[in-house]
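Listed below, chain by chain, are the residues.
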Amino acid sequence: MSQELCSIKGSREGLVITISDASQFSEVIGSLDRQLAASQSFFMGASAKVFLRVGSLTSEQLDQLEQLIAGYGMHLDREPPSFYSSISPTTPVQDSPKREEDNTILVRRTIRSGQRLHYDGNVVVMGDVNAGAEVVCTGDIVVLGSLRGVAHAGAEGRLDATVFAFRLEPTQLRIAHLISRAPDEKVPLPEGPEIARIVENTIQLSIYNH
Amino acid sequence: MGKVMVITSGKGGVGKTTTTANLGTGLAALGQKVCLVDTDIGLRNLDVVLGLENRIVYDLLDVLEGRCELRKALIRDKQYGERLVLIPAAQTREKDEVDPDQMLELVEQLKEEYDFVILDSPAGIEHGFKNAISGADMAILITTPEVSAVRDADRVVGLLESAGLHDPQVIINRLRPDMVRKGDMMDISDVDDILRIPILGVVPDDEHIIVSTNRGEPVVNDKKSKAGQAYRNIARRLLGEEIPFMDLQERNLMGWFRKVLS
């Protein structure tokens, strides 16, 4: 992901297309087209803002961008995202987690194989995350159902991010820079909800009791 | 106005074509007017399963591209005649030549005339699949109780949702009760746990299917076959009847012993 010239993320202001370097515009368009094509119609009907890390775009380039995303059922909001401009892309969010300010998205459906959800903030899924699906976010992940796919919490390095699920049986679990995977042999699962967090530099699962 | 159903699965070889043939025949036997469309262009075989291969003159592409009248491409079934007709897939052409708008137009025309239009989709999720689902009002997924087939079915549910086809139903095909009992095969609840969509029916694995496929006579007409019974039940459920799921346990002496002992 970090190799891509642009990324699409959800934020408080709707979708934000972050472009890392506007001078490579044609590559940016190519990369965006690939990502949108891969997401199928996940973003259908959404409105997106553009955030430039380096450089600026001409109005012709903006028109071209608008046309591209219109092809995927999205429309362009030309207002710059106010919230984004205040975050420096090089500073890790790691040591200043202002949780009360985070975004949280509520997904009221099951995320199925082949579907990917990327979000800048926390994710709550009212449904399952099936094997073959992927949830990546900068905050915490809460699944009110079974988590069988890949989950990555604290994707921008937040070490105190957690993953919670009623049934926590992921293919792979990532928190910040750490990765753990399901054991190869079948292990009996506890009946109740579990939570995963980083303890002494490894991802640990424990039964959730409040 | 009839209903347009697409039979699809993602994974190949799970029984889409067999299911299409049997549900079509089952519905025709219940007095419905049914049109089957084989959309698996380049790899047609619905006509073979129905035993109609030798009657093909025109195919789906001929109709879509206006080379023949729709009426002329409809192949009447041996047993049910006008009540069960088939539009066969083209054998020789590339499937990229069909576009979803043409399919939609054809389907609109067919559902004026028929109670059920059943589209047999190709395996995969590419162009051919997208053609097959365009114009469908409802989708029936076929899966076998195998992890790979269920995974693909799950993927297809997601794709159907994004194409606006909500509330698909699933048929679990080729279930082997003996293997389920030993814990060697996923059972109905395992599949249900993952997909969470209504189960339209469960069809047991049955040797009669192979025999009937080779003969070109759908197993749904075979009163002795359990798979045939399962398909008859599904056809009746499609008409809104409430039919309980079959008891798939074996009925021999060993089965009886096990029941007594348990």
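Residues numbered from 1 in each chain as written. Chains lettered and ligands numbered in written order. Predicted model: local features only at pLDDT ≥ 70, side-chain atom pairs only at ≥ 80, totals over all residues. Heavy atoms only, no water.

(A) Quick look at the overall build of chain A. Each helix and strand counted, chain A has three helices and 15 strands in total. Within chain A, buried positions represent 44% of all 210 residues. The long-range share in chain A, meaning contacts at least 24 apart out of those at least 6 apart in sequence, stands at 40%. About 10900 Å² of surface is accessible on chain A, with carbon and sulfur atoms providing 52% of the total. (Helix = DSSP H or I, 4+ residues; strand = E, 2+ residues; numbered from the N terminus. Buried < 20%, exposed > 50% of the residue type's maximum accessible area, 1.4 Å probe, protein only. Contact = heavy atoms within 4.5 Å. Areas by Shrake-Rupley, 256 points an atom, 1.4 Å probe, with all protein chains shown as cover.)

(B) Geometry of the overall build of chain B. Along the backbone of chain B there are twelve helices and eight strands. When contacts within chain B are restricted to residue pairs at least 6 apart in sequence, those whose partners lie at least 24 apart make up 73%. Accessible surface for chain B amounts to roughly 12100 Å². Of this, 49% is attributable to carbon and sulfur atoms.

(C) Spatial organisation of the confidence of the model for chain B. Looking at chain B as a whole, the pLDDT averages 91, with 93% of positions reaching at least 70. Put simply, helix α12 (residues 253–261) of chain B is where chain B has its lowest mean pLDDT, 60, and strand β5 (residues 116–120) of chain B is where it has its highest, 98. (pLDDT = per-residue confidence, 0-100.)

(D) Just the interface of chain B and chain A, in detail. Tallying the contact residues gives 13 residues for chain B and eleven residues for chain A. Carbon and sulfur atoms make up 37% of the surface buried where chain B meets chain A, a total of about 1000 Å² over both sides. Looking at the side of chain B facing chain A, the largest losses of area belong to Arg 151, Asp 154 and Arg 155 of chain B, adding up to 43% of the total buried there. Counting every contact that joins chain B to chain A gives two salt bridges. In this structure, Arg 112 of chain A engages Asp 154 of chain B in a salt bridge whose closest nitrogen and oxygen atoms are separated by 2.8 Å. Where chain B meets chain A, there are six residue pairs in polar contact (both at pLDDT 80 or more). (Buried area = accessible area lost by both parts, 1.4 Å probe. Salt bridge = Lys/Arg side-chain N within 4 Å of Asp/Glu carboxyl O. Polar contact = N/O pair within 3.5 Å; in protein donor to acceptor, adjacent residues only side chain to side chain.)

(E) How the structure looks around the packing of aromatic side chains. Counted according to the given criterion, the structure contains two aromatic pairs over all chains. Both rings, one in Phe 164 of chain A and one in Phe 166 of chain A, keep their centres 6.0 Å apart while their planes meet at 75°; by these two values the pair is edge-to-face. Aromatic side chains Phe 164 of chain A and Tyr 208 of chain A sit 4.8 Å apart centroid to centroid with 75° between the ring planes, which places their arrangement in the edge-to-face category. Linking Phe 164 of chain A in strand β11 (residues 163–168) with Tyr 208 of chain A in the segment after β15 (202–207), this pair joins segments that are 44 residues apart in sequence. In this structure Phe 164 of chain A comes out as buried when scored by relative accessible area, which is 11%. Every member of this aromatic cluster is reached through a ring pair, and the members are Phe 164, Phe 166 and Tyr 208 of chain A. Across the ring face of Tyr 114 of chain B, the terminal group of Lys 33 of chain B is positioned such that the distance to the ring centre comes to 4.9 Å. (Phe/Tyr/Trp six-rings, centres within 6.5 Å; stacked < 30°, edge-to-face > 60°. Lys NZ or Arg CZ within 6 Å of the ring centre and 35° of its normal.)

(F) View of the side chain of Ser 121 of chain B. Residues and elements named next belong to chain B. Relative to the elements of secondary structure, Ser 121 occurs in the loop between β5 and α6 (127–133). The class for Ser 121 is buried, based on a relative accessible area of 1%. Ignoring sequence-local partners within four residues, the contact set of Ser 121 consists of Val 6, Ile 7, Thr 8, Lys 16, Thr 39, Phe 129 and Ala 132.

(G) Spatial organisation of the pattern of salt bridges. Scanning the model with the defined rule gives 18 salt bridges over all chains in all. Between Asp 47 of chain B and Arg 44 of chain B there is a salt bridge whose closest N-O contact spans 3.5 Å. For Asp 47 of chain B, a relative accessible area of 1% puts it in the buried group. For Asp 193 of chain B, the salt bridge identified is with Arg 196 of chain B, shortest N-O distance 3.7 Å. You can call Asp 193 of chain B partly exposed: its relative accessible area is 37%. When its relative accessible area of 48% is taken as the criterion, Arg 196 of chain B is described as partly exposed. It is possible to trace a salt-bridge network through shared partners that takes in Asp 128 and Arg 148 of chain A together with Asp 193 and Arg 196 of chain B.

(H) How the structure looks around the sheet that holds strand β7 (residues 122–125) of chain A. Residue and element names in this part refer to chain A. Judged by pairing direction, the sheet is mixed, and its six strands sit side by side in the order β5-β7-β9-β11-β14-β15 without closing on themselves. Taken across any chain shown, the strands that pair with only one partner, and hence form the sheet edges, are β5 (104–107) and β15. Pairs of neighbouring strands in the sheet enclose a mean axial angle of 25°, with direction left out of account. Bridge count for strand β9 (residues 141–147) against β11 is five bridges, and the pairing is parallel. Paired with Ser 146 across the strands is Arg 167, a residue of β11. (Pairing = 2+ DSSP bridges. Axes fitted to C-alpha atoms, helices over the stretch in contact; angles between N-to-C directions.)

(I) Here's a closer look at helix α7 (residues 147–162) of chain B. Residues and elements named next belong to chain B. The end-to-end C-alpha distance of α7 is 23 Å, a good match for the 22 Å that 16 residues give at a rise of 1.5 Å each. Looking only at α7, the buried set comprises Ala 149, Val 150, Ala 153, Asp 154, Arg 155, Val 156, Val 157, Gly 158, Leu 159 and Leu 160. Looking one or two residues beyond α7, the residue adopting positive phi is Gly 164, at roughly 85°. (Expected span 1.5 Å × (residues − 1).)

(J) Region of interest: the packing of α7 of chain B against helix α9 (residues 188–195) of chain B. Residue and element names in this part refer to chain B. At a minimum axis distance of 10 Å, the contact between α7 and α9 shows a crossing angle of 30°. One element, α7, and the other, α9, form an angle in the roughly parallel class. The way α7 lies across α9 gives a crossing that is right-handed. On α9, the residues that touch Val 150, Ala 153 and Asp 154 of α7 are Val 191, Ile 194 and Leu 195. Grouping the constituent residues of the contact of α7 with α9 by class yields five nonpolar, no polar and one charged. (Parallel < 35°, antiparallel > 145°, perpendicular 65-115°, else oblique. Left-handed = near helix turned anticlockwise from the far one by under 90°. Nonpolar A, V, L, I, M, F, W, Y, C, P; charged D, E, K, R; others polar.)

(K) Focus on unusual backbone geometry. Located in the positive-phi region is Glu 200 of chain A, a residue other than glycine, with phi close to 50°. Locating Glu 200 of chain A in the fold gives a position in the loop between β14 (194–199) and β15. Take Glu 200 of chain A: its relative accessible area is 74%, and that puts it in the exposed class. One non-glycine residue, Asp 167 of chain B, adopts positive backbone phi at about 50°. Topologically, Asp 167 of chain B is positioned in the loop between α7 and β7 (169–175). The exposure class assigned to Asp 167 of chain B is exposed, which follows from its relative accessible area of 67%.

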